[in-house]
2 protein chains.
Amino acid sequence: MDTSQAIPNLHAVILAGGSGARFWPLSRELSPKQMLDIFGGVSLISRAVHRIAPLLEPGNLHVLTNERLLDELRNHLAAQEDIDTGTIDFLAEPTARNTAPAIALAAAYLLQQDPEAMMIVLPSDHLLEDGPVWESAVRLSCDAAEGGALVTIGLTPTHAETGYGYIRAGRPMPGLAEGELRVCGADRFVEKPDAETARRYLEGGDYLWNSGMLVACAASVLSQLRSVGRRKATPDSSHGEIIARVAEELAAMTPAEWLARDARDRYTSLPSVPFDKAVLEVSERVAVLPVSLSWSDVGSLLSLEKLAEADDRGNVLVGNILDVDSHGVIGYSADRLVATLGLDDLIIVDTTDATLVAAKDRTQDVRLVVEALRAAGAPEVVSSRSSLRPWGSWTLLMKADRFQIKSIEVLPGKRLSLQSHEKRSEHWVVVDGEAVVERDGETATLAANESAFIPPGTRHRLGNAGDTTLQVIEVAVGDYLEEDDIVRFEDDWGREGGTE
Amino acid sequence: MDTSQAIPNLHAVILAGGSGARFWPLSRELSPKQMLDIFGGVSLISRAVHRIAPLLEPGNLHVLTNERLLDELRNHLAAQEDIDTGTIDFLAEPTARNTAPAIALAAAYLLQQDPEAMMIVLPSDHLLEDGPVWESAVRLSCDAAEGGALVTIGLTPTHAETGYGYIRAGRPMPGLAEGELRVCGADRFVEKPDAETARRYLEGGDYLWNSGMLVACAASVLSQLRSVGRRKATPDSSHGEIIARVAEELAAMTPAEWLARDARDRYTSLPSVPFDKAVLEVSERVAVLPVSLSWSDVGSLLSLEKLAEADDRGNVLVGNILDVDSHGVIGYSADRLVATLGLDDLIIVDTTDATLVAAKDRTQDVRLVVEALRAAGAPEVVSSRSSLRPWGSWTLLMKADRFQIKSIEVLPGKRLSLQSHEKRSEHWVVVDGEAVVERDGETATLAANESAFIPPGTRHRLGNAGDTTLQVIEVAVGDYLEEDDIVRFEDDWGREGGTE
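The structure presented is a predicted model; accordingly, all values stated were derived computationally and were not measured. (Residues numbered from 1 in each chain as written. Chains lettered and ligands numbered in written order. Predicted model: local features only at pLDDT ≥ 70, side-chain atom pairs only at ≥ 80, totals over all residues. Heavy atoms only, no water.)

## Quick notes on the relation of the copies chain B and chain A
Cut-off, in case you're wondering: The fit set for superposing copies consists of C-alpha atoms from residues with pLDDT of at least 70 in both; the fit itself is least squares. Any two residues having at least one pair of non-hydrogen atoms within 4.5 Å are treated as being in contact.
Here chain B sits on chain A after a turn of 180 degrees about the axis and a move of 0.0 Å along it, with an RMSD of 0.1 Å. Both chain copies can therefore be described as sitting about a two-fold axis. Looking at the rotation axis and the C-alpha trace of chain B, the residue lying nearest is L397 of chain B, at 3.5 Å. Taken as a fraction of all interface residues of chain B, those also at the interface in chain A reach 100%, which identifies the copy contact as same-surface.

Right under this line is the structure:
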């Protein structure tokens, strides 16, 4: 990674704890929206990493998520080309408490490492155009942050969107300009406006979309939390002092200790408040940098509309979908055949194991579906049938009481961990590529159409020695087939717990 | 089978050529509506066989279908308990020409075997209550048929249905009564009426639903075709003579010869006319026997409504479906999870490989979807992922360019044919039950968690020696994986062509 462009003292904090329930069934608890790669083939969080990494010194990229997603996110990013997860600092919040506690914790944590630390807080699940304007905007924001400002990044609206929050830009701040970019005072924060108001904002020209991106010195974040807390201007801002104090208490511990009972209880006791409400709406040190970049918060399944051109009847159909006489339908099928007949204004999302059919004006309520499924214990809420791994990926093809079938794809030169299972046997059939199979110390090379048997207790390892992707069909047989029946003896990524 | 109740000279002709396109994706070209078993767990054609077989002497049950469905239907019925396909006469029409040519061909064919033959023509894809009333109705119809009548069976309407045809019953025919049953003259045939007319019919009490069931002497069928043809009362009836003549020409050949070019061309030249229009609406020998039996022609996907009680919001949801805030939705899911949100008056049908979402008032147009899919070459129109076989069933789990995975279930005591493949290898993993595997003359018994490899060219056979169902996962690997790569050396059902 070329770091000649790095901004000294700048740390990026990518917020990656979101569950993305509104994107079900494309997103799942263990593969939330930030891991979706349908927008251009690269996941949203990978894009976030690629966007900021060139501006950082090594070691200054932090991903803040939760305990449950820690392994999944690490595996996901490890599977991306050009991302070296060894240089990323993965952190788990003790529990989800919205962005004020999260940003405070990150700020206190960074201050422990570097009293001069500056931070850029980035959502992990948005779409944003990068390039020279983006880089200039980050650099200019850092200049303003060094002067003590909390700099929000505001996007010039391109339409009268009612689903976003807005920031009104005030007067340009002296000396903070580069090319066409000007850092301005932030006069006002507005939540999602109605259509008429949004139209006025668009015409007026001084309102910007609130992107959720923030640049500030870590010390300013904590001092502003404290000072607005002391003023108690609004109920939400009155919690600033306690949030800052608990953040500093945790920062004195190691991130592993954040997950111990006491720290977790402390953090859980904090109010669940957005940083916008706790600080930005009331602090006088807030600035906004208006930029004209293509941006979307990918907030609901309606965003799928961006994936293709509408047909003559206003349908946007992506994937294996055949329509007769429908109007205004958004359809997305990852693989299976979906046929539609005489429908109006629906959204249909089809995945291997679950299908959602919803009225288009109810997409914000997909979370109700997810809640109901969770209450019913539906496994389709937790995970999909496929998982990315640092060595490749696997897909569950069939699950029965006493056996299950997976397709396992191993990237060239990669191998799974050396492992054994107590309760299941595995039958492997190589269907593409060349496998290296290790069993109790003995190694064999298997071509396509060859097979291997792994009895319980055998120390075994599957690797790809070829230069094309290896595909193996695995039939596992046993009374207990869960992923946690695994003993790892060695792993190329140092993984211990979790699943293979 | 107990045939002590058999009616002398009675032959049943089950019409089983229907493609059932309106039931897609539950029905497919190779598993049409008559093979659907969702209504009570037994297929519609199995019910038809069970309903009439006790009233027939051995050898008098004929299934008339088309060439393409012949093997599928035989396999399907062979897989049913209590049906001995060895006693069923499977016939293939040269081509589909509607019911007038089909019934004429069956009549001429039966007359060749038995100049006294009486026939009962039965649809294969309807739901009908059986029991003592049904049996009495058939016997009484036969009495009337012996006197020369063409007896239709009319169902007493239970609601003002606009989707059925109606028959108006006239005066009771003297001497033709049993219990409450009376054979009457048939005064009038009416096609699907409007709602107001249907309501009047229901109130009037003399209109009956036209079930499509007919009882007549084979000789009467042909003589009536000829005599109405001579009168040329309507355009449709004017074809009677040519239909009767071609039917007799074909009946002079063997059923195998019907499929040869000349016979097929002769038959294809016939007009595609329903028997109702060609004969029943114009003949004076037509009677109707009104019966009060529960009946449905299962004519469209709306019939799925009968599968369960509606919920508070009028939704009928069968299978793995979770709904939030929908109204009037009919949902059927065979297996996968379907979630619905805020929908009105839709029908959703989900199967392993295809999903249909349609406006409820468009279910008659599902055939448009099927036509469009056929034009696009979609394999989901032709067959589903599962097939019943005389020895059990198989399900395709995954299909790729150079390999495919099937789950194969073999019934206790059954075995597949002794066969070999030229172009593919097969890897078998037994996951349940006990397999007998024969390879080039050597036989081995495999328990669950054991596997076998079948290289190309190996004469092999898979059987179930245990008393529980055997389940085997098969991974087939090769450049060519189609079902026609099979050489059969021996088969317990004498099968030669087609697929295993």
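## Examining the interface of chain B and chain A
Formally: Defined in terms of a 1.4 Å probe, buried area is the accessible area two parts forfeit on being brought together, summed over both. One speaks of a salt bridge when a side-chain nitrogen belonging to Lys or Arg is within 4 Å of a carboxyl oxygen belonging to Asp or Glu. Throughout this entry, Asp, Glu, Lys and Arg are counted as charged residues, while Ala, Val, Leu, Ile, Met, Phe, Trp, Tyr, Cys and Pro are counted as nonpolar. The remaining residues, Gly among them, count as polar.
The interface of chain B with chain A comprises 49 residues on the first partner and 49 residues on the second. For the chain B and chain A pair, buried surface summed over both sides reaches about 4,000 Å², with 68% attributable to carbon and sulfur atoms. Considering only the side of chain B, the residues that lose the most area to chain A are L337, L341 and N449 of chain B, jointly responsible for 17% of the buried surface there. At the surface where chain B touches chain A, the tally comes to 4 salt bridges. For D325 of chain A, the salt bridge is made with R362 of chain B, and the minimal N-O distance between the two is 2.6 Å. Classifying every residue of the side of chain B that touches chain A by side-chain character gives 30 nonpolar, 11 polar and 8 charged.

## Describing the packing of aromatic side chains
Residues and elements named next belong to chain A. This is how it is decided: Pairing of aromatic side chains here covers Phe, Tyr and the six-membered ring of Trp, requires ring centres within 6.5 Å, and sorts the geometry by plane angle: under 30 degrees stacked, over 60 edge-to-face, intermediate tilted. The helix and strand labels rest on DSSP assignments: H or I over at least four residues marks a helix, E over at least two residues marks a strand, and numbering proceeds from the N terminus. Note on exposure labels: buried denotes an accessible area under 20% of the residue type's maximum, exposed denotes more than 50%, and partly exposed covers the range between, all computed with a 1.4 Å probe on protein chains only.
Summed over the entire model, instances satisfying the criterion amount to 13 aromatic pairs over all chains. Their ring planes at 75 degrees and their centres at 4.9 Å tell us that Y164 and W209 sit as a pair that is edge-to-face. With Y164 in the loop between β6 (150–155) and β7 (166–178) and W209 in strand β9 (residues 207–217), this residue pair connects regions lying 45 residues apart in the sequence. In this structure, Y164 and W209 share a single accessibility class: buried. In textbook terms, an aromatic cluster arises when at least three aromatic residues are bridged by ring pairs, as seen for Y164, W209 and W295.

## Quick word on the side chain of D491 of chain B
All names here are of chain B. Definition in use: In protein, a polar contact requires one atom able to donate a hydrogen and another able to accept it; more generally it is a pair of N or O atoms within 3.5 Å, and residues adjacent in sequence count only if both atoms are side-chain atoms.
The residue D491 is located in the segment after β26 (487–490) in this model. Since its relative accessible area comes to 13%, D491 is described here as buried. At a separation of 3.1 Å, a polar atom in the side chain of D491 contacts the main-chain amide nitrogen of W493. For D491, the residues in contact, after removing those within four places along its chain, are S417 and R461.

## Here's the deal with the packing of helix α6 (residues 218–231) of chain A against helix α7 (residues 240–251) of chain A
All names here are of chain A. Stated formally: The axes are straight lines fitted to the C-alpha atoms, using for helices just the contacting stretch, and the angles between their N-to-C directions are given from 0 to 180°.
Where α6 contacts α7, the two axes come as close as 6 Å, and the packing angle between them is 145 degrees. Seen from α6, the contacting residues are L222, L225, R226, G229 and R230; seen from α7, they are G240, E241, I243, A244, R245 and E248. A class-by-class count of the residues in the contact of α6 with α7 yields 4 nonpolar, 2 polar and 5 charged.

## Description of the sheet that holds strand β22 (residues 424–432) of chain A
Residues and elements named next belong to chain A. We apply this condition: A pair of strands is considered paired only if DSSP assigns at least 2 bridges between the two.
A sheet is described by the order of its strands in space; here 6 strands give the open sequence β18-β19-β20-β27-β22-β25, paired in antiparallel fashion. With partners counted over all chains shown, the strands left at the sheet margins are β18 (386–389) and β25 (451–454), one partner each. On average, adjacent strands in this sheet sit at an angle of 20 degrees to one another, irrespective of strand direction. Pairing of strand β20 (residues 403–410) with strand β27 (residues 470–478), which is carried by 8 bridges, proceeds in the antiparallel orientation. Of the residues in β27, the one forming a bridge with S407 is I473.

## Considering the packing of helix α3 (residues 99–113) of chain A against α6 of chain A
Residues and elements named next belong to chain A. Threshold: To sort the angles, those under 35 degrees are grouped as roughly parallel, those over 145 as roughly antiparallel, those from 65 to 115 as roughly perpendicular, and the leftovers as oblique. A crossing counts as left-handed when the near helix is turned anticlockwise from the far one by less than a right angle, and as right-handed when that turn is clockwise.
Where α3 meets α6, the closest approach of the two axes is 8 Å, and the angle between their N-to-C directions is 130 degrees. Judged by the angle between their axes, α3 and α6 are oblique. Seen from above, α3 lies across α6 with left-handed handedness. Residues I103, A104, A107, A108, L110 and L111 of α3 lie in contact with α6, whose contacting residues are A218, A219, V221, L222 and L225. By residue class, the composition of the contact of α3 with α6 is 11 nonpolar, no polar and no charged.

## With respect to the environment of A100 of chain B
Along the chain, the position of A100 of chain B falls in helix α3 (residues 99–113). Not counting residues up to four positions away in its chain, the partners in contact with A100 of chain B are I243, V273, P274, F275 and A278 of chain B.

## Here's the deal with the pattern of salt bridges
Across all of its chains, the model carries 57 salt bridges over all chains by this definition. Note that E67 of chain A is salt-bridged to R264 of chain A, the shortest N-O span being 2.7 Å. Placement of E67 of chain A in helix α2 (residues 67–78) and of R264 of chain A in helix α8 (residues 261–268) is noted, with a sequence separation of 197 residues between them. A salt bridge links R336 of chain A to D350 of chain B; the shortest N-O distance between them is 3.7 Å. Separated into two different chains, R336 of chain A in the loop between β14 (330–333) and β15 (337–341) and D350 of chain B in strand β14 (residues 346–350) make up a pair that spans both. With relative accessibility at 7%, the residue R336 of chain A sits in the buried group. By relative accessible area, which is 1% here, D350 of chain B ends up buried. Shared partners join several salt bridges into a network, and the residues in it are D325 of chain A together with R362, D365 and R367 of chain B.

## Overview of the sheet that holds strand β16 (residues 386–389) of chain B
All names here are of chain B. With antiparallel pairing, 6 strands are arranged side by side in an open sheet as β16-β17-β18-β25-β20-β23. At either end of the open sheet lies a strand with only one pairing partner, and these are β16 and β23 (451–454). Looking at each pair of strands side by side, their axes are set apart by 20 degrees on average, direction ignored.

## Considering the environment of W258 of chain A
All names here are of chain A. Position of W258 among the secondary structure elements: in the loop between α7 and α8. Assessed through its relative accessible area of 0%, W258 is described here as buried. The spacing of W258 and L55 is 203 residues in sequence and 29 Å in space, taken between C-alpha atoms. With residues near it in sequence (within four places) discarded, W258 still touches L91, A92, P94, L105, Y109, L250, A251, M253, A263 and R264.

## A short note on the confidence of the model for chain A
Stated precisely, the cut-off is as follows: Confidence of the prediction at every residue is given by pLDDT, a number between 0 and 100.
Chain-level pLDDT for chain A is 94 on average; 99% of the residues reach the 70-or-more range. Reported confidence for the predicted complex is 0.91 by ipTM and 0.91 by pTM.

## A look at the pairing of strand β13 (residues 321–324) of chain A
Residues and elements named next belong to chain A. In β13, alternate side chains face the same way, and those of I321 and D323 on one face and L322 and V324 on the other are all buried. Relative to β15, β13 is paired through 4 bridges, and the arrangement is parallel. By the bridge assignment for β15, D323 is matched with T340.

## Concerning a negative patch on the surface
Residues and elements named next belong to chain A. Defined as follows: Here a patch means residues that are over 30% exposed by relative accessible area and free of salt bridges, tied together within 9 Å if like-charged and within 5 Å if nonpolar (Val, Leu, Ile, Met, Phe, Trp, Tyr). Residue exposure ignores everything except the shown protein chains as possible cover, and the areas themselves are Shrake-Rupley values with a 1.4 Å probe. None of His or the chain ends enter the tally, which takes Lys and Arg as positive and Asp and Glu as negative. Charge coordinates come from a single atom per side chain, which is NZ of Lys, CZ of Arg, CG of Asp or CD of Glu.
On the surface, E116, D143, E146 and E178 cluster together to form a negatively charged patch. As for its position among the elements, E116 is in the loop between α3 and β4 (118–123). By relative accessible area, E116 is classed as exposed at 56%.

## Here we look at α3 of chain B
Residues and elements named next belong to chain B. Here is the rule we go by: To estimate how far a helix should reach, multiply one less than its number of residues by 1.5 Å.
A rise of 1.5 Å per residue sets the reference length of α3, with its 15 residues, at 21 Å; its end C-alpha atoms lie 21 Å apart and thus fit the reference within 8%. Within α3, 11 of the 15 residues are buried, leaving the element largely enclosed by the surrounding structure. Every buried residue of α3 is accounted for by A100, P101, A102, I103, A104, L105, A106, A107, A108, Y109 and L110.

## Some points on unusual backbone geometry
Looking along the chain, the bond that leaves W24 of chain A and enters P25 of chain A is cis, with omega of 5 degrees. Within the secondary structure, P25 of chain A sits in the loop between β1 (10–15) and α1 (44–52). Despite not being glycine, D325 of chain B has its phi angle at roughly 65 degrees, a positive value. You can call D325 of chain B partly exposed: its relative accessible area is 35%. Here the phi dihedral of N449 of chain B falls at roughly 80 degrees; this positive angle occurs in a residue that is not glycine. Relative to the helices and strands, N449 of chain B is located in the loop between β22 (442–446) and β23.

## Focus on the side chain of D125 of chain B
Residues and elements named next belong to chain B. Note on placement: D125 falls in the loop between β4 (118–123) and β5 (127–128). A relative accessible area of 16% places D125 in the buried class. A polar side-chain atom of D125 sits 3.4 Å from a polar atom in the side chain of K33. Sequence-distant contacts of D125, that is, excluding residues within four places in its chain, are made with K33, Q34, L44, D297 and V298.

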